[in-house]
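# Commentary on secondary and tertiary structure
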Amino acid sequence: QVQLVESGGGLVQPGGSLRLSCAASGSIFSIYVMGWYRQAPGKQRELVATITSGGSTNYVDSVKGRFTISRDNARNTVYLQMNSLKPEDTAVYYCNADLTTNWGTRHNYWGQGTQVTVSS
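Below or above, wherever it landed, is the structure these notes cover. Since we're looking at a predicted model, the values are computed, not measured. (Residues numbered from 1 in each chain as written. Predicted model: local features only at pLDDT ≥ 70, side-chain atom pairs only at ≥ 80, totals over all residues. Heavy atoms only, no water.)

Along the chain, Ser53 falls in the loop between β5 (46-52) and β6 (57-59). Separated by 32 residues in sequence, Ser53 and Leu85 place their C-alpha atoms 27 Å apart. Beyond its immediate sequence surroundings of up to four residues, Ser53 is in contact with Ile31, Tyr32, Arg71 and Asn73. (Helix = DSSP H or I, 4+ residues; strand = E, 2+ residues; numbered from the N terminus. Contact = heavy atoms within 4.5 Å.)

Below you can see the structure in the form of structure tokens.
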């Protein structure tokens, strides 16, 4: 059993900042890639940022220079620091982890999502 629990969403004014956290727990042997995705109303879920266990990062163009993804491998936790937020960043943000369980099976897991609303 593996769980991903997100926190840190909320309401923020344009230009403000938020920090999302996602902690993975359970029968985890190794986590390869962790990432953040988002889904706005009426739109498909899109990749926001990913980070490998070695620290290599990837961002969607619309957040480059504003968002920073990081992870604490010892705590199986990934973070998303979001600065200079815009109304178009409003969405439900989902954590994702590509991992191997203690039973040797490799799976892709999702968190339950956390709402981020950017509005004045």
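Our focus in this paragraph is the pairing of strand β1 (residues 2-7). The two faces of β1 differ: Val2, Leu4 and Glu6 on one face are buried, but Gln3, Val5 and Ser7 on the other face are not. One ladder, built from six bridges, connects β1 with strand β3 (residues 18-26); its direction is antiparallel. Bridge pairing links Gln3 to Ser25 in β3. (Buried < 20%, exposed > 50% of the residue type's maximum accessible area, 1.4 Å probe, protein only. Pairing = 2+ DSSP bridges.)

Attention shifts here to the sheet that holds β3. Taken together, four strands build an open sheet; the order of strands is β1-β3-β8-β7 and the sheet is antiparallel. Both outer strands of the open sheet, β1 and β7 (67-72), are each paired with one neighbouring strand and no more. In this sheet, neighbouring strand axes are inclined to one another by 15° on average, regardless of whether the strands run parallel or antiparallel. Of the pairings in the sheet, the one linking β7 to strand β8 (residues 77-82) comprises six bridges and is antiparallel in character. For Ser70, the partnering residue across the bridge sits in β8 and is Tyr79. (Axes fitted to C-alpha atoms, helices over the stretch in contact; angles between N-to-C directions.)

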